[in-house]
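Here are the chains, one letter per residue:
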Amino acid sequence: MTFYIVVTVVSAVAFVTDMVLRYMEKIRSFGMEEHLHNIKGRTIPIEDFIPYNLTMLTVFLMAFGAFGIFMKALNIHPFVSFPLSLAFGCAVNFTVMHFIKPFFESISGDALGKDTDLSGYEAVCVQRIGGDDYGRIELVYHDKKYRFDAISENETDIGKGETVYVLYREEGVCVVEKQSEVLDIINEDSGNA
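Rules used in this analysis
Residues numbered from 1 in each chain as written. Predicted model: local features only at pLDDT ≥ 70, side-chain atom pairs only at ≥ 80, totals over all residues. Heavy atoms only, no water. Helix = DSSP H or I, 4+ residues; strand = E, 2+ residues; numbered from the N terminus. Contact = heavy atoms within 4.5 Å. Pairing = 2+ DSSP bridges. Axes fitted to C-alpha atoms, helices over the stretch in contact; angles between N-to-C directions. Buried < 20%, exposed > 50% of the residue type's maximum accessible area, 1.4 Å probe, protein only.

K.L.:
Could you clarify how one ought to interpret the environment of threonine 116 in this entry?
P.N.:
Considering the arrangement of structural elements, one finds threonine 116 in the loop between helix 3 (78-108) and strand 1 (122-127). Note: C-alpha distance between threonine 116 and arginine 169 (53 residues apart in sequence) is 8.7 Å. Among all residues touching threonine 116, those that are not within four sequence positions of it are Tyr141 and Arg169.

Take a look at the structure:
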């Protein structure tokens, strides 16, 4: 019981602190939004069940701990209560990602919809994009930062911190091109004129 109480209290304090700093104090760069993994399910969105950043990890741990306390109060054996608590935490994580987060983004009025055209937006690579692999970019849309999985149009490596341009977005993945590659094309075109 003590284990579940400690997990619940610590994660609740971390979550409340995150929310206060993020939404009341408008501090958004203290690391809670850093991605913990780059998992992308093809048919089942497994990444929505697993906490993808520290904020969602605190939500997962709060749900895990609270359900563990509930199961312990019912005198359920730990071999049953622990896996069920983990499953409940995953279910809460999925619910937040698929229902609660999109709802709050839609009522704020400036959320990115699935059909929002991001072509031409400038972004920064926040996780290295391999020539034939996914990475992550961050862009600003209506004064809010958004992160997306991204791949390189020309299959060139793009290092962390490099500026890129979004060519198009398909199924949540942005296809990007390095700023230097765009400038090279412009210089070639102006040299041929």
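Having seen the structure, we can now continue with the description.
K.L.:
Help me understand the sheet that holds strand 4 (residues 163-170), please; the structure alone is not making it clear to me.
P.N.:
Backbone-to-backbone hydrogen bonds join strands into a sheet, with any given pair of strands oriented parallel or antiparallel. Spatial ordering of the closed barrel is given by 1-2-3-5-4, a layout of 5 strands whose pairing is mixed. This sheet shows a mean twist of 55° between the axes of neighbouring strands, independent of strand direction.

K.L.:
Hey, could you run me through the pairing of strand 5 (residues 173-178) in this one?
P.N.:
Side chains on a regular strand alternate between the two faces of the sheet. In terms of residue burial, strand 5 counts as a mostly covered element, since 6 of its 6 residues are buried. Where burial is concerned, the two faces of strand 5 agree: the one with Val173, Val175 and Glu177 and the one with Cys174, Val176 and Lys178 are both buried. Pairing of strand 3 (residues 144-152) with strand 5 involves 4 bridges; the strand directions are parallel. Its bridge partner being in strand 5, isoleucine 151 is matched across the sheet by valine 175. One ladder, built from 6 bridges, connects strand 4 with strand 5; its direction is antiparallel. Note on strand 5: the bridge partner recorded for valine 164 is lysine 178. Here strand 4 folds back onto strand 5, and the loop between the two strands holds 2 residues, one of which, glutamate 171, carries a positive phi near 55°.

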